[in-house]
Amino acid sequence: MIEQSIRLQQLEDGVFQELALEKRRIVASGRDVIDLSVGSPDLPPSPHVMEALAQGVTDPNAYGYAITGLAEFNEAVAQFYKRYHVNLDPGTEVLQLMGSQDGLSHLALSLINPGETVLLPDPGYPIYEASVRLAGGIPYPLPINEDTLHPNFSLIPDDVLQSARLMILNYPSNPTAGVATRSMFEEVVRVAQTYDIFVIHDFAYSEMVYDGLEAVSLLSIPGAKDIAVEFNSLSKTFNMAGCRVGYLVGNKAVIGHLRKLKSHIDYGIFLPIQHAAITALTTDHDFAGQRQIYTARRDALCDALTSYGWEVRKPAATMFVWAKTPNNRPSHAFAMELLREAGVAVTPGAAFGPRGEGHVRMALVTDAANLRAAAERIGQHLAAKVLG
Ligand SMILES: Cc1ncc(COP(=O)(O)O)c(C=O)c1O
């Protein structure tokens, strides 16, 4: 039997698969599970976007290889990005991706040589570390301040900053729900310039900010385009996660490197999806209504959990509640216990890196009534087994 490669051996089997298998077993035994483990939006795309997709699939000419993104898609992204106070050249500063995951998993391969250091958020979205390891790079955890949820560069030894070639950031953050400020990003740009570190910013939750906040694009900071690229996606912003369409914007040279790698990997996105994405980017979407829905869900879950004696911080952004486990319970054991005994699936914080331990992540992917029901199940479990 052929063995998996040494590179692949560095990656652990995903915890999401373990949760999904256990959930399937529980459901097969006749019990139901409220699943808050995966950040897949349950809200639909706008009706006119679904209509564009439906029309597209009836065009017999739409079924060939797309090869590259349509020029109109790049123009639509450039137009959309003006809302973040960023001007983009559609020809050279935008690259279409099969979801931002496509780019996040391949960019390190196009930039990093074996043995080179990459600064990563810990806790952070798992593909960052996996992609660095697959490229042979060495991940170095960025210390994140527990209150501000911003990186603390002063805690990184100077020799690490001197040797680091790349830094990956994600604001608004999965899983911590941290939100960047302009001054935080100004410091990032200064550090990047001083130490010659290229910055990859994942902006997938750019429209999921609440309480009157606005998300800041790293590219809106003067000088950022010289040292950074930014990922974004239609998955969360337009509820199109299953369509697999996203994009990379910013530094031309780096966009060119990823374009070159991708030209060897894929033949582009199904054209009707590209047309639906263009429709989404260029027509009105009810962002205010969407924010209201997520705020109401957040309040329903956090207020109910707090009323049952588990105080959780209300996130100012994203679709995630990032909570310290009660009585410091180990995150994996606590998550499995909630799944098996309370019928609620949450993600153990350790899945996001060593500093995620002691936390769980709950996704606001169902309506407020269901979230209250989940909190009630958790509350009963806590009263019986944990807090009582
Ligand atoms: C922070 C972050 N980045 C990227 C992604 C991947 O999104 P996409 O659907 O664009 O591949 C996700 C998905 O959950 C995410 O949470």
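Residues numbered from 1 in each chain as written. Predicted model: local features only at pLDDT ≥ 70, side-chain atom pairs only at ≥ 80, totals over all residues. Heavy atoms only, no water.

### Things to note about the sheet that holds strand 12 (residues 359-363)
Okay, so step 1: One open sheet accounts for three strands, arranged 9-12-11; its pairing is antiparallel. Single-partner strands in this sheet number two, and they are strand 9 (320-324) and strand 11 (347-348).
Okay, so step 2: Summarising the sheet, strand 11 and strand 12 pair through two bridges and their orientation is antiparallel. The residue of strand 12 that forms the bridge with Thr347 is Arg361. (Pairing = 2+ DSSP bridges. Helix = DSSP H or I, 4+ residues; strand = E, 2+ residues; numbered from the N terminus.)

### Here's the deal with the packing of helix 12 (residues 287-307) against helix 14 (residues 368-386)
What describes two packed helices is the angle between their axes and the distance between those same axes.
Okay, so step 1: Packing of helix 12 against helix 14 brings their axes to within 8 Å, and their N-to-C directions diverge by 20 degrees. In this view, helix 12 runs roughly parallel relative to helix 14, as classed from their interaxial angle. Note on packing geometry: the crossing formed by helix 12 with helix 14 is right-handed. From helix 12, Ala296, Arg297, Ala300, Leu301, Ala304 and Leu305 reach across to helix 14, where they touch Ala368, Leu371, Arg372, Ala375 and Ile378.
Okay, so step 2: Across the contact of helix 12 with helix 14, the residue classes break down as nine nonpolar, no polar and two charged. (Axes fitted to C-alpha atoms, helices over the stretch in contact; angles between N-to-C directions. Parallel < 35°, antiparallel > 145°, perpendicular 65-115°, else oblique. Left-handed = near helix turned anticlockwise from the far one by under 90°. Contact = heavy atoms within 4.5 Å. Nonpolar A, V, L, I, M, F, W, Y, C, P; charged D, E, K, R; others polar.)

### A look at the pattern of salt bridges
For side chains bearing opposite charge, pairing can occur when the charged atoms are close.
Okay, so step 1: Per the counting criterion, the structure on display carries 19 salt bridges.
Okay, so step 2: Glu146 is the partner of Lys324 in a salt bridge, and the nearest nitrogen-oxygen pair spans 3.5 Å. Here Glu146 lies in the loop between strand 4 (138-142) and helix 7 (158-163) and Lys324 lies in strand 9, a separation of 178 residues in the sequence.
Okay, so step 3: For Asp299, the salt bridge is made with Arg298, and the minimal N-O distance between the two is 3.0 Å.
Okay, so step 4: Connected through salt bridges with shared partners, the residues Asp211, Arg298, Asp299, Asp303 and Lys314 form a single ionic network. (Salt bridge = Lys/Arg side-chain N within 4 Å of Asp/Glu carboxyl O.)

### Quick notes on a nonpolar patch on the surface
Okay, so step 1: Taken together, Val57, Tyr63 and Phe270 make up a surface patch of nonpolar side chains, about 260 Å² in accessible area.
Okay, so step 2: When you line up the elements, Phe270 lands in the loop between helix 10 (252-263) and helix 11 (271-282). (Patch = residues over 30% accessible without salt bridge, like charges linked within 9 Å, V, L, I, M, F, W, Y side chains within 5 Å. Areas by Shrake-Rupley, 256 points an atom, 1.4 Å probe, with all protein chains shown as cover.)

### Brief notes about the site of the ligand
Okay, so step 1: Lining the immediate surroundings of the ligand are 15 residues, of which Asp202, Tyr205, Ser233, Ser235 and Lys236 lie closest.
Okay, so step 2: Residue Lys236 places a side-chain N or O atom 2.7 Å away from an oxygen atom belonging to the ligand.
Okay, so step 3: The fraction of the free accessible surface of the ligand (390 Å²) that becomes covered by protein chains is 93%.
Okay, so step 4: A per-element tally of the shell around the ligand places helix 5 (residues 100-111) first, with three residues.
Okay, so step 5: Class assignment of the residues belonging to the shell around the ligand gives a composition of five nonpolar, seven polar and three charged. (Near = heavy atom within 4 Å. Polar contact = N/O pair within 3.5 Å; in protein donor to acceptor, adjacent residues only side chain to side chain.)

### Focus on the domain arrangement of the protein
Okay, so step 1: Entries for the protein in the domain assignment read domain 1 (6-44 + 286-386) and domain 2 (63-282).
Okay, so step 2: Just the C-alpha atoms count here: the centres of domain 1 and domain 2 sit 26 Å apart.
Okay, so step 3: Taken together, the contact between domain 1 and domain 2 spans 29 residues of the former and 41 residues of the latter.
Okay, so step 4: Summed over both partners, the interface of domain 1 with domain 2 comes to about 3,000 Å²; 54% of that surface belongs to carbon and sulfur atoms.
Okay, so step 5: Considering only the surface of domain 1 that becomes buried against domain 2, Phe287, Arg291 and Arg355 emerge as the three largest contributors, covering 23% of it.
Okay, so step 6: Applying the counting rule to domain 1 against domain 2 returns four salt bridges.
Okay, so step 7: Taking the shortest distance from any N to any O, the salt bridge between Glu214 and Arg291 comes out at 3.7 Å.
Okay, so step 8: Put simply, domain 1 and domain 2 have 17 residue pairs in polar contact (both at pLDDT 80 or more) between them.
Okay, so step 9: Of all elements in the fold, only helix 12 and strand 9 reach the threshold of two or more residues within the side of domain 1 that touches domain 2.
Okay, so step 10: Its residues assigned to classes, the side of domain 1 that touches domain 2 comprises 15 nonpolar, seven polar and seven charged. (Domains from an automatic or database assignment. Buried area = accessible area lost by both parts, 1.4 Å probe.)

### Digging into the pairing of strand 7 (residues 228-233)
Okay, so step 1: For strand 7, a buried count of six out of six residues is recorded, marking the element as mostly surrounded by other parts of the structure.
Okay, so step 2: Neither face of strand 7 is exposed, since Ala228, Glu230 and Asn232 on one face and Val229, Phe231 and Ser233 on the opposite face are all buried.
Okay, so step 3: Here four bridges tie strand 6 (residues 198-202) to strand 7, and the two strands are oriented parallel to one another. Looking at strand 7, one finds that Asp202 is bridged to Phe231.
Okay, so step 4: Two elements, strand 7 and strand 8 (residues 246-250), share five bridges in a ladder whose sense is antiparallel. The partner of Ser233 across the bridge, within strand 8, is Gly246. (Buried < 20%, exposed > 50% of the residue type's maximum accessible area, 1.4 Å probe, protein only.)

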